[in-house]
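# Reading the structure
Read off the chains here:
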There are 6 protein chains.
Amino acid sequence: MRFDEAYSGNVFIKSHPSYEESSVVLYGMPMDWTVSYRPGSRFGPTRIREVSIGLEEYSAYLDRELEEVKYFDAGDIPLPFGNAQRSIDMIEDYIDQVLGDGKIPFGMGGEHLVSWPVMKAIAKKYPDLGIIHMDAHTDLREEYEGEPLSHSTPIRKIAEHIGPENVYSFGIRSGMKEEFQWAKENGMHISKFEVLEPLKEILPTLAGRPVYVTIDIDVLDPAHAPGTGTVDCGGITSKELLASIHAIAHSDINVVGADLVEVAPIYDNSEQTANTASKLIREMLLGWVK
Amino acid sequence: MRFDEAYSGNVFIKSHPSYEESSVVLYGMPMDWTVSYRPGSRFGPTRIREVSIGLEEYSAYLDRELEEVKYFDAGDIPLPFGNAQRSIDMIEDYIDQVLGDGKIPFGMGGEHLVSWPVMKAIAKKYPDLGIIHMDAHTDLREEYEGEPLSHSTPIRKIAEHIGPENVYSFGIRSGMKEEFQWAKENGMHISKFEVLEPLKEILPTLAGRPVYVTIDIDVLDPAHAPGTGTVDCGGITSKELLASIHAIAHSDINVVGADLVEVAPIYDNSEQTANTASKLIREMLLGWVK
Amino acid sequence: MRFDEAYSGNVFIKSHPSYEESSVVLYGMPMDWTVSYRPGSRFGPTRIREVSIGLEEYSAYLDRELEEVKYFDAGDIPLPFGNAQRSIDMIEDYIDQVLGDGKIPFGMGGEHLVSWPVMKAIAKKYPDLGIIHMDAHTDLREEYEGEPLSHSTPIRKIAEHIGPENVYSFGIRSGMKEEFQWAKENGMHISKFEVLEPLKEILPTLAGRPVYVTIDIDVLDPAHAPGTGTVDCGGITSKELLASIHAIAHSDINVVGADLVEVAPIYDNSEQTANTASKLIREMLLGWVK
Amino acid sequence: MRFDEAYSGNVFIKSHPSYEESSVVLYGMPMDWTVSYRPGSRFGPTRIREVSIGLEEYSAYLDRELEEVKYFDAGDIPLPFGNAQRSIDMIEDYIDQVLGDGKIPFGMGGEHLVSWPVMKAIAKKYPDLGIIHMDAHTDLREEYEGEPLSHSTPIRKIAEHIGPENVYSFGIRSGMKEEFQWAKENGMHISKFEVLEPLKEILPTLAGRPVYVTIDIDVLDPAHAPGTGTVDCGGITSKELLASIHAIAHSDINVVGADLVEVAPIYDNSEQTANTASKLIREMLLGWVK
Amino acid sequence: MRFDEAYSGNVFIKSHPSYEESSVVLYGMPMDWTVSYRPGSRFGPTRIREVSIGLEEYSAYLDRELEEVKYFDAGDIPLPFGNAQRSIDMIEDYIDQVLGDGKIPFGMGGEHLVSWPVMKAIAKKYPDLGIIHMDAHTDLREEYEGEPLSHSTPIRKIAEHIGPENVYSFGIRSGMKEEFQWAKENGMHISKFEVLEPLKEILPTLAGRPVYVTIDIDVLDPAHAPGTGTVDCGGITSKELLASIHAIAHSDINVVGADLVEVAPIYDNSEQTANTASKLIREMLLGWVK
Amino acid sequence: MRFDEAYSGNVFIKSHPSYEESSVVLYGMPMDWTVSYRPGSRFGPTRIREVSIGLEEYSAYLDRELEEVKYFDAGDIPLPFGNAQRSIDMIEDYIDQVLGDGKIPFGMGGEHLVSWPVMKAIAKKYPDLGIIHMDAHTDLREEYEGEPLSHSTPIRKIAEHIGPENVYSFGIRSGMKEEFQWAKENGMHISKFEVLEPLKEILPTLAGRPVYVTIDIDVLDPAHAPGTGTVDCGGITSKELLASIHAIAHSDINVVGADLVEVAPIYDNSEQTANTASKLIREMLLGWVK
């Protein structure tokens, strides 16, 4: 019994107690106010942490244990409910600070729009940044029913910001005709339906480059991730997503930041989605942080 | 079989086909982006309409049938996801038009903030407007963690707009100390915990006045309305809420508009909350529209 | 805001407003009274329409948009609860009218027995009709515990009606020994367990023929369709079912009608089944209606 | 370990092993095909039995234990899915046999229509039969959308069969205007909204008479019975229903049969409805069988 | 943003950061291995903390704010899964330490057996201890199917330990005949069915005495607490339980420890039970800690 | 109607009425008290039996019907809640008796620890016993947080008992580093991630030997078995598990006992896990009992 310090509560399993000594910062971005379909991903980070207690600390895939990576779970960024612009600004400031302290940011969403300010902040530090994007949806809209700040727009924003040729999307199975056309006309890579095989082809071309990886949990088939805002059948299996994470781990790219977004626990009574997300984060930490 | 006209789809049971001939307009306000706890009330209006098919058209309480009231279900107002200010402006414009056409607005939420632009629009038409408010929460905050547009603020806004002495809250069991103090210091009526008995005392004092009635479904105990954003025990029963609606029906006030908000279907697998809401709306229509 | 016409309510996304101008009629058959296990598919069509709002209007698989196909969502046929014979007669009359008006019928169940009167009506118009049937179950019983009108019998009925050699079943993994024997002895085609590969072999043999396609959602593994009456493991993935729909789209058969049945929303809190069904219907419309 | 006899499986707790030695027969009527709203009560009896293992065998209300009453759980009557007429005939035959053997029938539904053939059979044996009916709904329709065999009709049928003046309904809060009028014009007793107080007034007038008691679980408020087909707010509490059962226990009427119907487990994840039903049946057995 | 200290994570709202400066220690006892019916209360404390974020910090009942009471959330005691004896020993040691440090223990269960070692430890410090027990069940068994360590036994154990005349049970509606007899023969107080009225009568007789209050959430009707192991209808409302807590707050007894047990979140998708529990704990802290 | 014998209740479909005449005994081991994560598997056997009514009696995979195998469903062993040691002893005694009577034991869990006493009993009868183990987890711990009786330990116990070289694990994707090392150093076979292919390689080496097969349902991906205690993504499909069962059926090993454990129904509202389990048991019976 330890009464000499505050109960550390619900943190991701094996989180390191010291921010200074950690090389990775794990944080939640509990925002879901611009989603056009089902909200609820604000509770994703909390539930992922809660169920992480059921995880093994060792990866049988990577033969590595969590204590070999120093990461600090900094909790959720306290975002202002219903104010998209202020939320985005706060996230960018937050990431600026994390990067300024020389840490690698690992984020948990929240809706996918949260990735935009993170990627923007990282692009300031890494001018030759590449983006690997796994998702069911293109997320290449300019606006959604008049709103430029929408969960349908983050990839368009970063593509315009760093150049579409530096953005690689995988597993895409839904979008507007115009989105696919824009990607094609602007030299952005989109792999439809599949992730692992096209990723293996792309990875060597990114060798040595700094890369941010953003994963929307709905790249998984709804069978494997029912707890998300937009369930879209025809997706990949969790086995394939794990293999894709491991392919990145075994590649020569330099992962300078990553996120996993759109876990919405309320739509999944079995909590398999949150449990899967916590295992994916374990593999991302063990595989991508050298 | 009628193929000669568009399938009228999912409308509230017995909705009249003509807007012009109707005296009441029933509409949904599918907004939930400023809520500080659990979102999901955007789907309230759709589900309330869907389950209304299970309703009897006759009220054994009021001995009246739905066909005796002409109301037009106008569907949901297409609000911009994640943009609170624009949503509020659109609702106010919408209500201006409904009132301009001489119709009585009956709204379905959505979060409670949607009531603010409705009440504001109605106050333009009825300078001596009174507000009857049934809720678990005071909703008297000036802002929520920096945001003035929050589901915690609508009653404060209307109270400041028309004068706190014209606002009567019932069933309140949660709020900040400062909210209760503000109400007390400014002459606003708050009945804590109870609805029916204090309402019966207040109603005669409002005789002849135009009154807007706004009901947050969480005035009910969670046992009676588990499907809402903030479940707060210690509430009233559905029997008491029905009796309160009937007390208004039997009073001499002039109901010039009404709403029922905060039904969030995803938290209630039995769908009792949506079913209850549809019955409450039936009783409101039958009891309050002469 | 459009107050000049009735709220069109809960219709399948992009449904055309005019029956006359449409080439396809989409309709629900909310019947589930003869099921031997779990009822609830009566609510399938309503929920499929409701969630269709989350669909993209463009298919990244077929490079086609919904507005390129004119279909009219005619709502649900109002079937008499608990009366199987009368329900079947009403459905047959309904389809007779749809066909008489030169429209292609696309149905949503409801239990699988509803396909029987549809196929019977279509066989009147197309004497050389072929049937493609995707299902976990043979549905070849003569009766179920004494009842000839049962969800276990529709394929037997149509096979006896148009000749077993014109019926092709795929994905079958459950049935009585006698059912498989009857098929074998009578020249009816059954592909056990698999759909895509055997379908690709059969399609060329049906080139140019009018074909009705009936899909029981339980051909999918329960992982991909938990919301159905009889969950039977060992099924195909949604990716495979999509590919099978596309194989038909790319074949030379003439789809003269189709249905998707047995979606029972209550057994699936994530609503992935209804969402999947709505995407399947989009692909069926885009791929099968030229 | 007893391997010398068949595993007795899922029977209501403390069921007596011998039919001959029992004075009460407990049976399920797993029929739900005529319901106009949500089906699923076919699984009511099975689930009630299953959860009965959580019951205490002693009633603190009646100071009596289950072993003081000999009842035989005969399982479910194997009704033909989707065939209302044949189901009703089978139930009547079944009850004829139970009554012929001198046993008291205690039934578990299933939809409310199952009570009709039971009451009809009992009326043959007891010409001066009275009916006590607790329900949210009148169930006095002649037919439902053209179907005379509907869950909305059983009380009308028995009222016409034994005379409306012998039927006493309690707790009624929903019905058509015509149903209430028919009751009024024909001398049938209806207590709206309340059960306990009006029941206490009626019971003395029935002293010494044979009475069948039929309880629709939806007489309870949905808060107390979310697991039913038609959830209708404004109902009584389980405390009040228990007290009503005890009022009958302490009266001088002769309970010659009883049922509890409309438990539909799928709509109640907490299983409180099935647990409540099993406790109600315990109290009915302990209180009504001398 | 505070990166200078470990994320304090999921603690009960407004928990004080210092153990030393706090007068109350709040702790979880995540044990559910001896329950005879439905397990799952091990997750009660975690979920209660998680949802406490939705609580107001001010009580409108007691006109007091949480910051007026200093309590330290010490997290869950790490109990050994499946070992009842060792768990009980660990809890007793834990409470000894809390009491030795001069703190008041407030526990969250877990199953009711966890209260036994707490009460035993407290009785060492307060020889004239009284127990107030609110529950649906007597919990007075000597053993359950051969096991003396069972969730059915804690009140019997403490009653034998401090004398049955010092134990007062309220709201009891289920138990074995022998349990009620034992209580009667040994001078232990049991109020059947009701809590508030008998409690008001008993409280003056306990004036000035140290009292431990143990509340099993199932004293509430399942309508108000569906998320518990044993749902037993006929219970009290949350309004009545709040009033009972307030009656103790306004009495002259000295609450020297308390617990709230048997919250099992998995059985309640609306999470009303955990939300209710967190509000009850707020009221217990504000009302019972002077 | 058969009133001449006790209602046989909820037994696995087509269970033979006579223990003596049966060659297989099917029994439940409703224990879940040592699980470290989510409990609830105590209800697995009951629910598997209940849903078995939805099974076909014929296997289209094996072309065999259930009546060709004589098995007796003996119900659940009445294990003492919360007492792991006594439970294990009772199970061992039970299996001793089953084996003594010359029957083959087929068990349904319950947590995985229940397999330990079964395997121990069988090893007494078959000195050259081999174990085939399908699972997501190694289950090779010596103890869990101090407890040697834990659901994480059964394979370690049997491996030490009969020699690690006789134990073959398949599908393993989680465990501690030490567990994998122990297996490697001691000659125990572990196939990581996959089941079918490595199993096909191993089976010939076991030809002619007596083998016990223990299947933890979580070897399936959570998509296929959400209703289990520890959901661990990256697993196999139900199609693959069925094929693995059939590979054993077509091999030359002698299955002398088997179990299927860890079905926890409460986490799966669709009940696909229990339905899948009942189908797996059908295939195990039809394929493994000659």
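Residues numbered from 1 in each chain as written. Chains lettered and ligands numbered in written order. Predicted model: local features only at pLDDT ≥ 70, side-chain atom pairs only at ≥ 80, totals over all residues. Heavy atoms only, no water.

## Some thoughts on the overall build of chain A
For the record, the criterion: Starting at the N terminus, helices and strands are each numbered in turn, a helix being any DSSP run of H or I of at least four residues and a strand any DSSP run of E of at least two. With the radius of gyration taken over C-alpha atoms, the globule rule is written as 2.2 Å times the number of residues to the power 0.38. Residue exposure (1.4 Å probe, protein chains only): buried if accessible area is under 20% of the type maximum, exposed if over 50%, otherwise partly exposed. Whether two residues are in contact is decided by their heavy atoms: any pair within 4.5 Å suffices. Accessibility throughout is a Shrake-Rupley quantity obtained with a 1.4 Å probe, and a residue counts as covered only by protein chains that appear here. A residue counts as positive if it is Lys or Arg and as negative if it is Asp or Glu; His and the chain ends are not included. Think of each charge as sitting on NZ of Lys, CZ of Arg, CG of Asp or CD of Glu.
Along its length, chain A carries eight helices and 10 strands. The C-alpha atoms of chain A give a radius of gyration of 17 Å, which matches the 19 Å a tight globule of 290 residues would have. Expressed along its principal axes, the backbone C-alpha trace of chain A runs to roughly 60 × 40 × 40 Å. Across the 290 residues that make up chain A, the buried fraction comes to 73%. Considering only intrachain contacts with a sequence separation of at least 6, the fraction spanning at least 24 residues in chain A is 78%. When the accessible surface of chain A is split by element, carbon and sulfur atoms take 47% of a total near 8400 Å². Treating the 26 positive side-chain charges of chain A as one cloud and the 46 negative ones as another, the clouds have centres 1 Å apart.

## Brief notes about the interface of chain D and chain E
To keep things clear, this is the line we draw: By buried area we mean the combined loss of accessible area, with a 1.4 Å probe, across both parts when two parts are placed together. The term salt bridge refers to a pairing of a side-chain nitrogen on Lys or Arg with a carboxyl oxygen on Asp or Glu at a separation within 4 Å. Pairs of N or O atoms within 3.5 Å make up the polar contacts considered here, provided that, within protein, one atom can donate a hydrogen while the other can accept it, and that residues adjacent in sequence are counted only when both atoms are side-chain atoms.
Each side of the interface is counted separately: chain D has 22 residues, and chain E has 27 residues. Summed over both sides, the interface of chain D with chain E buries roughly 2000 Å², with 51% coming from carbon and sulfur. Viewed at the interface, chain E and chain D are joined by three salt bridges. Taking the shortest distance from any N to any O, the salt bridge between Arg-141 of chain E and Glu-56 of chain D comes out at 3.1 Å. For the interface between chain D and chain E, the tally reads 11 residue pairs in polar contact (both at pLDDT 80 or more). Listing elements by their share of the side of chain D that touches chain E, those giving two or more residues are α7 (238-249) and α8 (272-288) of chain D. At four residues, α8 of chain D tops the list of elements feeding residues into the side of chain D that touches chain E.

## Concerning the environment of Pro-154 of chain C
Here Pro-154 of chain C shows up in helix α4 (residues 154-162). The residues touching Pro-154 of chain C, leaving out its near neighbours within four places in the chain, are His-112, Leu-113, Trp-116, Met-119 and Asp-139 of chain C.

## Description of the UniProt feature "binding site: Mn(2+)" (unreviewed entry) in chain A
Residues and elements named next belong to chain A. The cut-off we apply is this: UniProt positions are given in the numbering used here, feature names are shortened, and annotations may be inferred rather than shown by experiment.
Under the UniProt annotation, "binding site: Mn(2+)" (unreviewed entry) lies at His-112, Asp-135, His-137, Asp-139, Asp-216 and Asp-218. These annotated residues cover 107 residues of sequence, and their C-alpha atoms lie no more than 12.2 Å from one another, placing them together at a single site. Tracing the chain through its elements places Asp-135 in the loop between β6 (130-134) and α4 (154-162). Residue classification places Asp-135 among the buried residues on the basis of a relative accessible area of 0%. Excluding residues that lie within four positions of it along the chain, Asp-135 makes contacts with His-112, Phe-170, Gly-171, Ile-172, Asp-216, Asp-218 and Val-219. Among the polar contacts made by the side chain of Asp-135, one reaches the main-chain amide nitrogen of His-137 at a distance of 2.9 Å. You can see Asp-216 is positioned in strand β9 (residues 210-216).

## A word on the relation of the copies chain D and chain E
Condition: Overlaid copies result from least-squares superposition on C-alpha atoms, with residues included only where pLDDT is at least 70 in both.
Once chain D has been moved 0.0 Å along the axis and rotated by 120°, it coincides with chain E to within an RMSD of 0.0 Å. Classification of the inter-copy transformation places it as that of a three-fold axis. The rotation axis passes nearest to the C-alpha of Ala-223 of chain D in chain D, at a distance of 2.9 Å. When the interface residues of chain D are mapped onto chain E, a mere 9% of them again fall at the interface, so the copies present different faces.

## Quick word on helix α5 (residues 177-185) of chain B
Note the following rule: Taking the helix axis as origin, the arc is that swept by the directions to the C-beta atoms.
Within α5 of chain B, the full set of buried residues consists of Glu-179, Phe-180, Trp-182 and Ala-183 of chain B. On an axial view of α5 of chain B, the arc spanned by its buried residues comes to 160°, and they lie on one face. In this structure, α5 of chain B carries Lys-184 and Glu-185 of chain B as exposed residues pointing more than 90 degrees from its buried face. Looking at the buried positions of α5 of chain B, the neighbouring elements they touch are α4 (154-162), β7 (167-172) and β8 (189-192) of chain B together with β2 (58-59) of chain E.

## Examining the sheet that holds strand β10 (residues 254-261) of chain C
Either a parallel or an antiparallel arrangement is found when strands of a sheet pair, and the pairing is made through backbone hydrogen bonds. Residue and element names in this part refer to chain C. Selection criterion: Note on pairing: two strands pair once DSSP finds at least 2 bridges between them. Helix axes are fitted only over the stretch in contact, all axes being lines through C-alpha atoms; the angle between N-to-C directions runs from 0 to 180 degrees.
Pairing is parallel across the open sheet formed by eight strands, whose spatial order is β4-β1-β5-β10-β9-β6-β7-β8. Two strands bound the open sheet, and with one partner strand each, they are β4 (71-76) and β8 (189-192). Pairwise comparison of adjacent strand axes, ignoring direction, gives a mean angle of 15° for this sheet. Two strands pair when backbone bridges link them, and strand β1 (residues 24-29) and β4 are joined in this way by four bridges, in the parallel orientation.

## Concerning the pairing of strand β9 (residues 210-216) of chain C
Sheet faces and side chains relate simply in a regular strand, where the side chains alternate between the two faces. Residues and elements named next belong to chain C. For β9, the tally of buried residues reaches seven of seven residues, placing the bulk of the element in the interior. Side-chain alternation along β9 places Pro-210, Tyr-212, Thr-214 and Asp-216 on one buried face and Val-211, Val-213 and Ile-215 on a second face that is also buried. Bridging between strand β6 (residues 130-134) and β9 involves five bridges; their strand directions are parallel. The partner of Ile-131 across the bridge, within β9, is Tyr-212. With seven bridges connecting them, β9 and β10 associate as parallel partners. Bridging across to β10, Pro-210 finds its partner in Asn-254.

## Side note on the environment of Pro-226 of chain F
For Pro-226 of chain F, the position within the fold is in the loop between β9 (210-216) and α7 (238-249). You can call Pro-226 of chain F buried: its relative accessible area is 6%. Apart from residues no more than four positions distant in its own chain, Pro-226 of chain F is found in contact with Ser-270 and Gln-272 of chain A together with Arg-38, Val-231, Tyr-267, Asp-268, Gln-272 and Thr-273 of chain F.

## A short note on the side chain of Ser-244 of chain A
In this fold, Ser-244 of chain A is placed in helix α7 (residues 238-249). Those residues in contact with Ser-244 of chain A, other than ones at most four positions away along the chain, are Met-134, Val-195, Leu-196 and Leu-199 of chain A.

## Considerations on the confidence of the model for chain A
What counts, and what does not: pLDDT is defined as a per-residue confidence score from the predictor, taking values between 0 and 100.
Per-residue pLDDT for chain A has a mean of 95; in total, 97% of the residues score no lower than 70. In the predicted complex, the global pTM is 0.96; the interface-specific ipTM is 0.95.

## Re helix α3 (residues 115-125) of chain D
Among the 11 residues in α3 of chain D, eight count as buried, and that is most of the element. Taken as a whole, α3 of chain D has its buried residues at Ser-115, Trp-116, Pro-117, Val-118, Met-119, Ala-121, Ile-122 and Ala-123 of chain D.

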